[in-house]
Amino acid sequence: METPEEKLRQLEKKINELIEEGCMCASRKDAKLALEKAKEASKKERIYVRQREQSGLGDQPNLDLTFIVLLNLASQYTLNELYSEALNTYHVLMRNRLFQNAGRLKVNMGNVYVKLGYYSKAIKFYRMALDQVTNTHKRMRIKIMQNIGVLFVKMGKYNDAIASFEYIMGENPDFKTGLNLVLCYYALNDKEKMKRSFQKLVSIQLEVSREEDDDKHFSTLDGALREAISNDTLKIFESRKKHEAEWSILMASKLISPIIDDSLNLGFTWCVDVVKGSTFLELAHEMEINKAVLFLKQKEFSAAIETLKSFERKKDAKVASVAATNLAFLYLLQKDYPQANHYADVAVSADHYNPGALVNKGCCIYLQGDFHKSLEYFKEALVNEATCVEALYNLGLSLKKVGHYEDALECFSKLQAMLPNRPQVLYQLATACDLLKRKDQSLDWYMQLLNVVPTDPELLHQMGIIFDAREDKQQAFQYYYDSYRNYPSDPRVSTWLGAYFIEAEVYEKAVSYFERAAVMQPSEVKWQLMVASCHRRSGNYQKALAIYKGIHRKFPDNVECLKFIVRLCSDMRLQEVDRYAALLDKAEEARANREREIGPRGSGKARRENGGNEPTVNEDAGVISTSSQSVPYVDALRPKSERPRTSARNRSTANEDGFSDDDELSDLLP
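Attention here is on the structure that accompanies the text.

Rules used throughout
Residues numbered from 1 in each chain as written. Predicted model: local features only at pLDDT ≥ 70, side-chain atom pairs only at ≥ 80, totals over all residues. Heavy atoms only, no water. Helix = DSSP H or I, 4+ residues; strand = E, 2+ residues; numbered from the N terminus. Buried < 20%, exposed > 50% of the residue type's maximum accessible area, 1.4 Å probe, protein only. Contact = heavy atoms within 4.5 Å. Areas by Shrake-Rupley, 256 points an atom, 1.4 Å probe, with all protein chains shown as cover. Polar contact = N/O pair within 3.5 Å; in protein donor to acceptor, adjacent residues only side chain to side chain. Patch = residues over 30% accessible without salt bridge, like charges linked within 9 Å, V, L, I, M, F, W, Y side chains within 5 Å. Salt bridge = Lys/Arg side-chain N within 4 Å of Asp/Glu carboxyl O. Lys, Arg positive; Asp, Glu negative; His and termini not counted. Charge placed at Lys NZ, Arg CZ, Asp CG, Glu CD. Axes fitted to C-alpha atoms, helices over the stretch in contact; angles between N-to-C directions. Left-handed = near helix turned anticlockwise from the far one by under 90°. Nonpolar A, V, L, I, M, F, W, Y, C, P; charged D, E, K, R; others polar. Phe/Tyr/Trp six-rings, centres within 6.5 Å; stacked < 30°, edge-to-face > 60°. Lys NZ or Arg CZ within 6 Å of the ring centre and 35° of its normal.

Regarding the overall build of the chain
Next, step 1: When its secondary structure is counted, the chain shows 33 helices and 2 strands.
Next, step 2: Among the 670 residues that make up the chain, the fraction classed as buried is 43%.
Next, step 3: Restricting to contacts in the chain with at least 6 residues of sequence separation, those with at least 24 account for 52%.
Next, step 4: Summing over all exposed atoms, the chain offers an accessible surface of approximately 36900 Å²; the carbon and sulfur share of this is 49%.

This is the structure in structure tokens:
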């Protein structure tokens, strides 16, 4: 039979096991189960206390067990965002004077108030905790001061925050605090103190081993041991520390450089000089790259190019590759393809494992029309960096160009998993399915794309085409109408809507769409003929005749227009009928003579040159034939500038992968 002491020991062991299980659940992000374990441990702890009292051991309470149970319970309440219960539990611990050092728990209570957004209360508890932490626990005092400083920043009290950060930088400086100090002076626009705090940040000693020393040390070790310690916990910790230091310095330099001097260039030059005089000499080149990027953001392209070109003389291959990659990217955007190709070659030669350089080189070859060769560069970029989305996207485009639609679909499907609901990716998925004759899947992707960009007029037009091909006129009309509402200047959409209402014999509504098309293309006679036709069909003969006469004044050789004028004048018994009939005979005779003289091929050109374009208009069916040639539109303000031709390749497929008629670069991601 077990004695009371043995029962208590077993119960205590069970409580400790529950606490450990709860902590393990919390580490696995299972907060709900962790809280259940903590509550169960609390219940058993109360049973444990009662049993000790019943056994006559109440004068020897197990304070450590009670403390750890309540602390664990409060922590799990906080993890489950039950902040009121957590605060109540912490207050229970604070009121029990038997618990030594319970005052430090005010830090935890301060953390809870931070999550509740009560920053003033949080600062109060942090300061109370600071008073109870002795100077022997220097690291803990520094962390509390950091929390106080950050909360002052959140409250906009930058001077109070500066006091906390300056104290830390004087006692035990670190890079995060140094960056926060720079941010505070930046918020107060104090240029001199920004410079001083940046110098303090750069002067912090990293206290990690240098790569040169590691290489020398590793060279003396055998292969297995070298591999074991090259990626151990200490090495990972040192890498994180170094990354934090470099990130803080680069971020601070990008922040203060534009404002600490008269110009961005002078500000960056000062920062680079400061860094060159420190132990972070290798960061100077990266800061120069950042300077070029800032020039780009400010649209100072010549300054950016000049800065990047300065790296051509650098001996560091990695830095030279980064600079050449950026230059290739710039020249691609400027459509200076020979220069882009040159710097892409430089970048690849300097660092063949640079995925950005390989992507830019692939883009240059793609634009030259060599799609098979561009595939090799995009694939190599993915080998070097499997998550390079630009390479994966461009690979899909190249595969489409060479007819490997299934592989292209696989590329875009991977991109959809990596970057869900990106419009460009959804569109490429839809077109790839369309090329594979998977109409239902294509429609599904188009519908998803429409949810992302519901007001894109070209997409709405495409949806209208799809449903029109399925003979769902009502749904097609809705998409065409939405496209027209978002962009009423597309003559394709206006034409379809006008033809739709003509088929429905609602001529009054059709008029507005053809009038819009006539405004956009005033030299195109067919729109004006359709406007007049709609008025004639709706019974408004006077207005129809007036429009036909206006068309005749602008296009005196248009036979179709004269035919309708003669017909209307005859029906309305106007005396003008003989004059217009004579003009019609002359126009028909002139057209016949031109056809005999020029021949069938030249007749169409002669009619266009004389402004006598004659679209095929089926007056009975109300359908415009799209086979007629268009008269070129001449802008009244200035002629429409022609897009420069950067290569002589066949452009018949230039619009296959995009909504607009821009060149291939609009699809690529350099």
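Describing helix α5 (residues 106–116)
The periodicity of an α-helix, 3.6 residues per turn, causes residues three or four positions apart to be oriented the same way.
Next, step 1: Restricting attention to buried positions, one finds in α5 the residues Lys106, Val107, Met109, Gly110, Val112 and Tyr113.
Next, step 2: Downstream of α5 by one or two residues, Gly117 has phi in the positive range, about 85 degrees.

A closer look at unusual backbone geometry
Backbone phi values are negative for most residues with the exception of glycine, while trans is the configuration of most peptide bonds.
Next, step 1: The residue Asn421 is not glycine, and still its phi comes out positive at about 65 degrees.
Next, step 2: For Asn421, the location among the structural elements is in the loop between α22 (405–418) and α23 (423–435).
Next, step 3: Positive phi, close to 65 degrees, is recorded for Lys437, a residue that is not glycine.
Next, step 4: Structurally, the position occupied by Lys437 is in the loop between α23 and α24 (439–452).

A look at the environment of Val275
Next, step 1: Within the secondary structure, Val275 is located in helix α14 (residues 264–276).
Next, step 2: By relative accessible area, which is 0% here, Val275 ends up buried.
Next, step 3: Residues Val275 and Gln199, 76 residues apart in the sequence, show an inter-C-alpha distance of 8.5 Å.
Next, step 4: Residues contacting Val275, with those up to four places away along its chain left out, are Phe198, Val202, Ile249, Phe280, Leu281, Leu283, Ala284 and Met287.

Some remarks on the side chain of Thr66
Next, step 1: Within the secondary structure, Thr66 sits in helix α3 (residues 63–79).
Next, step 2: Among the residues examined, Thr66 registers a relative accessible area of 19% and is labelled buried.
Next, step 3: One polar contact links Thr66 to Glu45, side chain to side chain, over a distance of 2.7 Å.
Next, step 4: Apart from the residues lying within four places of it in its own chain, the contact partners of Thr66 are Glu45 and Phe99.

Some points on a positive patch on the surface
Next, step 1: On the surface, Lys39, Lys43, Arg46 and Arg50 cluster together into a positively charged patch.
Next, step 2: Take Arg46: it is sitting in helix α2 (residues 31–54).

Digging into the packing of helix α30 (residues 541–554) against helix α31 (residues 559–571)
Next, step 1: As a packed pair, α30 and α31 sit with axes 9 Å apart at the nearest point and diverge in direction by 145 degrees. When the axes of α30 and α31 are compared, the crossing they make is left-handed. Contacts between α30 and α31 involve Tyr541, Ala544, Leu545, Tyr548, Lys549, Ile551 and His552 from the first element and Cys561, Leu562, Phe564, Ile565, Leu568 and Cys569 from the second.
Next, step 2: Residue classes in the contact of α30 with α31 are distributed as 11 nonpolar, 1 polar and 1 charged.

Details of the side chain of Asn354
Next, step 1: Of note, Asn354 is situated in the loop between α18 (337–350) and α19 (355–367).
Next, step 2: Asn354 sits in the buried class, given a relative accessible area of 14%.
Next, step 3: If we skip the residues at most four places from it in the chain, Asn354 touches Ser321, Val322 and Thr325.

Some remarks on the pattern of salt bridges
Next, step 1: Scanning all chains against the criterion turns up 16 salt bridges.
Next, step 2: Here Arg196 and Glu166 are joined by a salt bridge, their closest N and O atoms 3.3 Å apart. One end of the pair, Arg196, is in helix α10 (residues 191–202); the other, Glu166, is in helix α8 (residues 158–171), and 30 residues separate them in sequence.
Next, step 3: As a salt-bridge pair, Lys291 and Glu288 come within 3.3 Å of each other at their nearest N and O atoms.

Quick word on the packing of aromatic side chains
Next, step 1: The final tally for this structure, using the stated rule, is 18 aromatic pairs.
Next, step 2: Where Tyr366 meets Phe371, the ring centres are 5.0 Å apart and the plane angle is 65 degrees; that geometry is what we call edge-to-face.
Next, step 3: Judged by its relative accessible area of 18%, Phe371 falls in the buried class.
Next, step 4: With a centroid separation of 5.4 Å and 15 degrees between ring planes, the pair formed by Trp496 and Tyr500 is classed as stacked. Of this pair, Trp496 and Tyr500 both sit in helix α27 (residues 491–503), 4 residues apart, which is roughly one turn of the helix.
Next, step 5: Its relative accessible area of 23% is what places Tyr500 among the partly exposed residues.
Next, step 6: The cationic tip of Lys195 hangs over the ring face of Trp270; the distance from NZ or CZ to the ring centre is 5.5 Å.
Next, step 7: In this structure, Arg579 packs its charged tip against the face of Tyr580, placed 4.5 Å from the ring centre.

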